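Chain by chain, the residues:
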Amino acid sequence: LDTVNLSSEVGKVTQRDIDAVDGLLTNTRWTQLSDHAWSILEIEEVDPRPDPTKLFNLLQGAKYNEGFWTSLSIYQGLRYDYKDFAVGGTERFGVSTVLMPMESFLSKKRLRSSIRRFMDEEDISFLGIMFASQTVNGGINRQLSLCGKDIPNDMLSRAAEYLNNPGLGFGGDGLDLHLVSVPHTATSGFADWGIKIQNFDQNNIQPSRKQIGPMLEIFFNASNMQL
């Protein structure tokens, strides 16, 4: 799933990934699956293995299930796939991954209070929310929200500027982040909760949290900003 069906365009495919998929297709006992599973996977007796693309589409559809992500509250969505990163040995920040469009997620109820609650419980002052959603043609769209709690005024913009640095090894202009205006995220409303937020379209879709998290670690360690 992370390699998007071994797509070279995503930039994550390794020989290990290719060998792993081949091994799963070859060594899984597909003949022991139920008739219902065969029907879902469209397996034929001539070659009792699923077509890799059909299997991927089935799993990808479940991963990005709109009904599931829509049913989650802001707090549940932030909690569902969260990872924290260390800075300077004692400080931390976090990045949550949410598999739905940024505008849809940020329009949910109790946005400000839920972000504040989540950051308080995790004891972090910086939170990245990475959004990934499917496009109509089966591609991936990425967006990013940067949230700060009781931080210097320029921390979010400086973090975004750093992630756009061409020297990060992401290719091109870093993440190629472009600031966008999103309803329900007016600065005044968040200020009442001691929170700042900036929202971006991420035009370079190759980097994921595995790359962005460590890059933010470098940024905070080098900037001497107090988290």
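What you see is a predicted model; the values in this text were computed from it and never measured. Within every chain, residues take consecutive numbers counted from 1 along the sequence as written. It should be noted that, the model being predicted, local features are given only for residues of pLDDT at least 70 and side-chain atom pairs only at 80 or more, the latter also being counted only at that level, while totals for whole chains, interfaces and linings use all residues. To obtain the side-chain values, all non-hydrogen atoms of the structure were used and water was disregarded.

Caption draft 1: Layout of a nonpolar patch on the surface. For patch building, the residue pool is restricted to those with more than 30% relative accessible area and no salt bridge; the joining distance is 9 Å between like charges and 5 Å between nonpolar side chains (Val, Leu, Ile, Met, Phe, Trp, Tyr). Each accessible area is a Shrake-Rupley result for a 1.4 Å probe, and residues are judged covered by the shown protein chains and nothing else. For this document, the term salt bridge refers to a Lys or Arg side-chain nitrogen within 4 Å of an Asp or Glu carboxyl oxygen. Taken together, the side chains of L6, I18 and V21 define a hydrophobic patch exposed on the protein surface, amounting to about 190 Å² of accessible area. Only runs of H or I of at least four residues qualify as helices and only runs of E of at least two qualify as strands under DSSP, and these elements are numbered from the N terminus. You can see V21 is positioned in helix α1 (residues 15–27).

Caption draft 2: Structural context of the packing of aromatic side chains. Here is the rule: rings of Phe, Tyr and Trp (six-membered ring for Trp) pair when centre to centre is within 6.5 Å. Planes less than 30 degrees apart are stacked, more than 60 are edge-to-face, and the remainder are tilted. Under the criterion given, the structure shown has twelve aromatic pairs. Here the aromatic rings of F93 and F220 are separated by 5.3 Å at their centres, their planes lie at 50 degrees, and the arrangement is tilted. Here F220 lies in helix α10 (residues 209–223) and F93 lies in strand β2 (residues 91–98), a separation of 127 residues in the sequence. Classification of residues uses two cut-offs on accessible area relative to the type maximum, computed with a 1.4 Å probe and protein chains only: under 20% is buried, over 50% is exposed, and between them is partly exposed. When its relative accessible area of 0% is taken as the criterion, F93 is described as buried. A ring pair is formed by F219 and F220, whose centres lie 5.0 Å apart and whose planes are at 65 degrees; its orientation type is edge-to-face. For the pair F219 and F220, one class covers both residues: buried. Taken together, the aromatic side chains of F85, F93, F126, Y162, F219 and F220 make up a single cluster linked through ring pairs. For a lysine, the NZ atom is tested; for an arginine, the CZ atom; a charge sits over a ring if that atom is within 6 Å of the ring centre and within 35 degrees of the ring normal. Directly above the ring of Y75 sits R117, whose terminal nitrogen or CZ lies 3.7 Å from the centroid.

Caption draft 3: How the structure looks around the sheet that holds strand β6 (residues 195–202). Read from one edge to the other, the open sheet built from six strands follows the order β1-β2-β3-β4-β6-β5, with strand pairing classed as mixed. Edge positions in the sheet fall to β1 (82–87) and β5 (177–179), since each of these pairs with one other strand and no more. Adjacent strand axes in the sheet meet at a mean angle of 25 degrees when their direction is disregarded. As judged from the five bridges shared by β2 and strand β3 (residues 126–134), these two strands associate in the parallel manner. Its bridge partner lying in β3, T97 is registered against M130. Note on contacts: a residue pair is in contact if any heavy atoms of the two residues lie within 4.5 Å. Interaxial angle, 0 to 180 degrees, is taken between N-to-C directions of lines fitted to C-alpha atoms, where a helix line uses only the stretch in contact. This element, α10, spans β1, β2, β3 and β6 of the sheet and lies at about 30 degrees to β1. We call two strands paired when DSSP finds no fewer than two bridges between them.

Caption draft 4: Layout of the pairing of β3. Counting buried positions along β3 yields eight of nine residues, so the element is predominantly enclosed. Pairing geometry for β3 and strand β4 (residues 140–149), over nine bridges, is antiparallel. Along β4, the bridge assignment pairs F131 with Q143.

Distances and angles like these do not, on their own, reveal function.
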